[in-house]
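The residues making up each chain are set out below.
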Amino acid sequence: DSGVTQTPKHLITATGQRVTLRCSPRSGDLSVYWYQQSLDQGLQFLIQYYNGEERAKGNILERFSAQQFPDLHSELNLSSLELGDSALYFCASSTSGPPYNEQFFGPGTRLTVL
Amino acid sequence: AQSVTQPDIHITVSEGASLELRCNYSYGATPYLFWYVQSPGQGLQLLLKYFSGDTLVQGIKGFEAEFKRSQSSFNLRKPSVHWSDAAEYFCAVWYSGGGADGLTFGKGTHLIIQP
């Protein structure tokens, strides 16, 4: 158990809908990262937050957004969902900035868009 | 731009045999390199990392990796695999610059253990 929790574990929705994925980092970790894992794209970095502020952006679509709240939990919002958004979404946390601090990964949220 | 290549999509090894998983990276600066393992239905777990110093790094579960700058490689090895090592293995490089930083992962190598 990494100490990072993600909810829900599974999510099934329809095209065009909007969903919110939630992540609670390990106690004391200030950085939260979101990753998408799909069969065709592999594991891709989406976005990073550090202590409530956006720190870095990777391959995140404009239809996706995230935020980190004062209690340091983070939410990833996916809107206007398409079939291709079906994937496993991971959250990871670290004490501060990488790379010196190991990223601990949550179990993921599996999103299925029908 | 940074990239990570894991040339083997699948590898099958007999239990008790040795293992080597290949990883090549492309990155202009000093690389920070990682190997992660993902068991079915699980998140990623860090096996080992290389930042600097000794080019042979030891990790958890009996794994080790060797950084070879001249070959841009960071291959993962284990002298004797166990059935529980069956999983997906990802090599990653941490990059920084251009207003972004994060981990770039390879496509992964699926390890199958034969009894």
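Residues numbered from 1 in each chain as written. Chains lettered and ligands numbered in written order. Predicted model: local features only at pLDDT ≥ 70, side-chain atom pairs only at ≥ 80, totals over all residues. Heavy atoms only, no water.

1. Some details on the nonpolar core
Okay, step 1: With 48 residues, the main nonpolar core has Tyr35 of chain A together with Trp35, Phe74, Tyr89 and Phe105 of chain B as its most contacted residues.
Okay, step 2: Sort the elements by how many residues they give to this core and strand E10 (residues 87-97) of chain B lands first, with eight residues.
Okay, step 3: Core analysis: the second largest hydrophobic core is formed by 21 residues, Val4, Val32, Leu46 and Leu111 of chain A among them. (Core = buried A, V, L, I, M, F, W, Y, C linked by side-chain atoms within 4.5 Å. Buried < 20%, exposed > 50% of the residue type's maximum accessible area, 1.4 Å probe, protein only. Helix = DSSP H or I, 4+ residues; strand = E, 2+ residues; numbered from the N terminus.)

2. Looking at the interface of chain B and chain A
Okay, step 1: Contacts between the two partners involve 20 residues from chain B, matched on the other side by 21 residues from chain A.
Okay, step 2: Summing both partners gives a buried area of about 1,700 Å² for chain B against chain A, and 56% of it is carried by carbon and sulfur.
Okay, step 3: Inspection of the region where chain B meets chain A yields three residue pairs in polar contact (both at pLDDT 80 or more).
Okay, step 4: No other element matches strand E11 (residues 100-105) of chain B, which puts five residues into the side of chain B that touches chain A.
Okay, step 5: When the residues that make up the side of chain B that touches chain A are grouped by side-chain class, the tally is 12 nonpolar, five polar and three charged. (Contact = heavy atoms within 4.5 Å. Buried area = accessible area lost by both parts, 1.4 Å probe. Polar contact = N/O pair within 3.5 Å; in protein donor to acceptor, adjacent residues only side chain to side chain. Nonpolar A, V, L, I, M, F, W, Y, C, P; charged D, E, K, R; others polar.)

3. A closer look at the state of the cysteines
Okay, step 1: Counting across every chain of the model gives two disulfides over all chains.
Okay, step 2: The partner cysteine of cysteine 23 of chain A in its disulfide is cysteine 91 of chain A, sulfur to sulfur 1.8 Å. In this structure the cystine formed by cysteine 23 of chain A and cysteine 91 of chain A twists about its S-S bond by roughly -50°; its chirality is therefore left-handed. Highlighted residues: cysteine 23 of chain A in strand E3 (residues 19-24) and cysteine 91 of chain A in strand E9 (residues 87-94), separated in sequence by 68 residues. The same class applies to cysteine 23 of chain A and to cysteine 91 of chain A, which are both buried.
Okay, step 3: Across the disulfide from cysteine 23 of chain B sits cysteine 91 of chain B; the S-S distance is 2.0 Å. (Disulfide = S-S within 2.5 Å.)

4. So, unusual backbone geometry
Peptide bonds are, in most cases, trans, and in most cases residues other than glycine have a negative phi.
Okay, step 1: Look at the link from threonine 7 of chain A to proline 8 of chain A: it is a cis peptide, with omega at -10°.
Okay, step 2: We note that asparagine 51 of chain A has phi near 50°; this positive angle belongs to a residue other than glycine.
Okay, step 3: Within the secondary structure, asparagine 51 of chain A sits in the loop between strand E5 (42-50) and strand E6 (53-57).
Okay, step 4: Overall, asparagine 51 of chain A belongs to the partly exposed group, its relative accessible area being 48%.
Okay, step 5: Notably, serine 72 of chain B is not glycine yet its phi reads approximately 50°, a positive angle.
Okay, step 6: Inspection of the secondary structure assignment puts serine 72 of chain B in the loop between strand E8 (64-68) and strand E9 (73-78).

Purely spatial values, then, with no claim about function.
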